[in-house]
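Coordinate inspection notes
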Amino acid sequence: MYNKNIKLILAGAAIAFAIYQMTESYIGNGILLLLLAGIFIFLYFKNEMILLAFLRLRKQDFPGAKKWLDKIKSPESALTKKQQGYFFYLHGLMVSQTNITQAEKYFKKAIRLGLSMKQDLAMAKLNLAGIAMTKRRKREAQMLLKEAKQLDSHNMLSEQIRMMKQQMKKI
């Protein structure tokens, strides 16, 4: 994994060399180098380790996803702000199976850093509501559920929200 600044430097170097190749009438080489620079720019905005961790989570392979996330040593220097949000969001999802106090910290940090998709933000708030409910903080759980429902524009989490509201009545 390369630092985010190194990716931009490599992209700039590839673009500069592509322009040089095109001026020397090697158009094919220039186009290929521009595509290579595009890959570096894409990886600046979407970290490769986080993408691989998401693929592992899709297959329900939590140890595999953790392995990919552990390869990111210092998220503050290697990732952009949104990528750091997803880094902590994924950690929260994995830790929520074993340690809800630690998962709560990760989800709060992910929300504070920001998630780019509303569905991910709604899922993080829904998980935080579940954690608050297990810790008997009903008012906080209701507020988080309300926020999650507002963020869930495609009603993908409506069933989970309804189930949580029914469980909250028992508290």
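Each value, and the rule that gives it
Residues numbered from 1 in each chain as written. Predicted model: local features only at pLDDT ≥ 70, side-chain atom pairs only at ≥ 80, totals over all residues. Heavy atoms only, no water. Helix = DSSP H or I, 4+ residues; strand = E, 2+ residues; numbered from the N terminus. Buried < 20%, exposed > 50% of the residue type's maximum accessible area, 1.4 Å probe, protein only. Lys, Arg positive; Asp, Glu negative; His and termini not counted. Salt bridge = Lys/Arg side-chain N within 4 Å of Asp/Glu carboxyl O. Contact = heavy atoms within 4.5 Å. Phe/Tyr/Trp six-rings, centres within 6.5 Å; stacked < 30°, edge-to-face > 60°. Lys NZ or Arg CZ within 6 Å of the ring centre and 35° of its normal.

**Regarding unusual backbone geometry**
Positive phi outside glycine occurs at Gln60, with the angle close to 60 degrees. With respect to the secondary-structure elements, Gln60 resides in the loop between helix H3 (48-58) and helix H4 (62-70). We note that Asn155 has phi near 55 degrees; this positive angle belongs to a residue other than glycine. Structurally, Asn155 is set in the loop between helix H9 (138-151) and helix H10 (158-169).

**Remarks on the side chain of Asp120**
With respect to the helices and strands, the residue Asp120 is situated in helix H8 (residues 118-134). Despite its burial, Asp120 pairs with no opposite charge; the closest candidate is Lys46, at 8.4 Å N-O. Not counting chain neighbours up to four residues away, the residues in contact with Asp120 comprise Tyr86, Tyr89 and Leu115.

**A look at the packing of aromatic side chains**
All told, the structure shown has seven aromatic pairs when counted by the stated rule. Residues Phe87 and Phe88 carry aromatic rings whose centres are separated by 5.2 Å and whose planes lie at 80 degrees to one another, so their mutual orientation is edge-to-face. On the accessibility criterion, Phe87 (6% relative accessible area) is buried. According to the relative accessible area criterion, Phe88 is buried, its value standing at 6%. In this structure an aromatic cluster arises from ring pairing among Phe54, Tyr86, Tyr89 and Phe107. Lying across the ring of Trp68, Lys67 places its NZ or CZ 5.3 Å from the centre.

**Side note on the pattern of salt bridges**
According to the stated counting rule, one finds nine salt bridges in the structure shown. Two residues, Lys108 and Glu104, come together in a salt bridge whose shortest N-O distance is 3.4 Å. Placement of both Lys108 and Glu104 in helix H7 (residues 100-113) is noted, with a separation of four residues, approximately one turn of the helix. Overall, Lys108 belongs to the partly exposed group, its relative accessible area being 41%. A salt bridge links Glu104 to Lys135; the shortest N-O distance between them is 2.9 Å. Note that Glu104 is positioned in helix H7 and Lys135 in the loop between H8 and H9, a separation of 31 residues in sequence. We classify Glu104 as buried; its relative accessible area is 7%. Judged by relative accessible area, Lys135 falls into the partly exposed class, the value being 29%. Sharing partners across several salt bridges, the network here consists of Glu104, Lys108, Lys135, Arg137 and Glu140.

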